[in-house]
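Chain and residue survey
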Amino acid sequence: MRIILTGGGGQLGTYVRDELINSSHTLEAWGRSPDSGTHPFALRPVDLCDHATVRSALEAFRPDVILHLAAISKPALVLADPAEAWRVNVEGTRILCDWCRVSGCRLVFTSTDMVFDGNHAPYREDAQPAPANEYGRTKGQGEQLVLAIPTGMVVRIPLLYGPTRCNRPSFYDHSLNALDTGQRQLFFEDEYRTPLDLQTAARLLIGLSESQAVGTVHLGGPERMSRLELMKRVARKLGIDERLIGGNRLNDHPGIEPRPADTTMISERISELVPGVPRPTVEQAVAQMHPQRLIPEG
Ligand SMILES: NC(=O)c1ccc[n+]([C@@H]2O[C@H](COP(=O)([O-])OP(=O)(O)OC[C@H]3O[C@@H](n4cnc5c(N)ncnc54)[C@H](OP(=O)(O)O)[C@@H]3O)[C@@H](O)[C@H]2O)c1
């Protein structure tokens, strides 16, 4: 299968590229900027806002499926430049939809649990989006474009965790680095998610790309938990002193935009569509992702 991966240099895209190294698929990975490293799937610089370049790159490669990860993916960055976020998250998605509608190429679009306002959890795959922040609004608009084409799939991604493999540390890396140097860290005890590790998310996305399914799929992890519980369980598995970890509450940090309190997703389709990739517990995922750091059991 011929796959184009957008956002190939991001947190999740880097894991997807790694997973595809030993596959039989032919991959072209796009990034806004070229690679600084030496990955076997080097990034081709394609700016999604440059529609002429996007079209000619699609025509040249003629993919069977586009795995569309590129986005302005942080609510704070979206808020800092909403016009740019709409250009990338909505207009950049529209140009891919237009090409897929004509060519029959499949489009797998990574959306987010933040299309939900967090007041009506748990959310099933047929729940209606009602975003509470601008990031969620851009992704919700992207979802509508994708679901309007016959070959479109929307994959709602939850909070992802795991060590970064790209050149930008995530909340997870920052937190572990701070804890490793004895710095106390606070996490929300009343913000609930269904977190999933990056490696499993990448494997499931590849499995979904290989399927012929369309419509909406939730990629929630196997358990609902607060950020505080997530990081306590990660710390415990890694032998980090749990006393360094404390809780705070959403109301302690009123922001410009509301943070959805509970975006728990019910993920009914994924185990049927990709049966060979189970979703691990936090402890199992940490063991897979940090084999060199584990403390002996018992
Ligand atoms: N990580 C999560 O917890 C999470 C949760 C829910 C949903 N998602 C969704 O999953 C997808 C991947 O997330 P991620 O965490 O991997 O995001 P990320 O690390 O921010 O990566 C996004 C990538 O998009 C690229 N990009 C931005 N603007 C572009 C443009 N104009 N043209 C081409 N590429 C552009 C960026 O390239 P540069 O690096 O060159 O800027 C970046 O590598 C996103 O669609 C996100 O909304 C992620």
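Here's what I pulled together on the structure shown here. Quick caveat, the model's predicted, so the values are computed rather than measured.

1. As for the site of the ligand
Near the ligand there are 26 residues, and of these Arg-32, Ser-33, Ser-73, Tyr-135 and Lys-139 occur at the shortest range. In the environment of the ligand, an oxygen atom lies 2.8 Å from a nitrogen or oxygen atom belonging to the backbone of Leu-12. In this structure, an oxygen atom belonging to the ligand sits 3.0 Å away from a side-chain N or O atom of Arg-168. Compared with its free state, where it exposes 890 Å², the ligand has 89% of that area covered by protein. Only α1 (11-20), β5 (106-112) and α5 (134-147) provide two or more residues apiece to the shell around the ligand. Considering every element that reaches the shell around the ligand, the biggest residue donor is β5, with three residues. Residues that form the shell around the ligand fall into these classes: 13 nonpolar, nine polar and four charged.

2. Brief notes about empty space enclosed by the protein
Tallied over the entire structure, the rule returns one cavity of 30 Å³ or more. Looking at the largest cavity, its volume works out to about 30 Å³. What lines the largest cavity is simply Tyr-161, Pro-195, Gly-221, Pro-222, Glu-223, Met-225, Pro-280, Thr-281 and Val-282. Grouping the constituent residues of the lining of the largest cavity by class yields six nonpolar, two polar and one charged.

3. Let's talk about the sheet that holds β5
Pairing within the open sheet is parallel, and its seven strands lie in the order β3-β2-β1-β4-β5-β6-β11. This sheet does not close on itself; its edge strands, each paired only once, are β3 (43-45) and β11 (215-218). When strand polarity is set aside, the average angle formed by the axes of neighbouring strands in this sheet is 25°. Both β5 and strand β6 (residues 152-157) contribute to a ladder of six bridges, which runs parallel. Opposite Leu-107, over in β6, you have Gly-152 as the bridge partner.

4. Some thoughts on the packing of helix α2 (residues 51-61) against helix α4 (residues 82-103)
For the pair α2 and α4, interaxial distance at closest approach is 11 Å and the crossing angle is 35°. Taken as a pair, α2 and α4 cross one another with a handedness that is right-handed. Facing His-51, Val-54, Arg-55, Leu-58 and Glu-59 of α2, the residues of α4 in contact are Glu-91, Ile-95, Leu-96 and Trp-99. Here the contact of α2 with α4 is composed, by residue class, of five nonpolar, one polar and three charged.

Rules behind the numbers
- Residues numbered from 1 in each chain as written.
- Predicted model: local features only at pLDDT ≥ 70, side-chain atom pairs only at ≥ 80, totals over all residues.
- Heavy atoms only, no water.
- Near = heavy atom within 4 Å.
- Polar contact = N/O pair within 3.5 Å; in protein donor to acceptor, adjacent residues only side chain to side chain.
- Areas by Shrake-Rupley, 256 points an atom, 1.4 Å probe, with all protein chains shown as cover.
- Helix = DSSP H or I, 4+ residues; strand = E, 2+ residues; numbered from the N terminus.
- Nonpolar A, V, L, I, M, F, W, Y, C, P; charged D, E, K, R; others polar.
- 1 Å grid on protein atoms, 1.4 Å probe; cavity = no way out; pocket = protein on both sides within 12 Å on 5 of 7 lines; lining within 4 Å.
- Points joined across faces, edges and corners; volume = space filled by probe spheres on them.
- Pairing = 2+ DSSP bridges.
- Axes fitted to C-alpha atoms, helices over the stretch in contact; angles between N-to-C directions.
- Left-handed = near helix turned anticlockwise from the far one by under 90°.
- Contact = heavy atoms within 4.5 Å.

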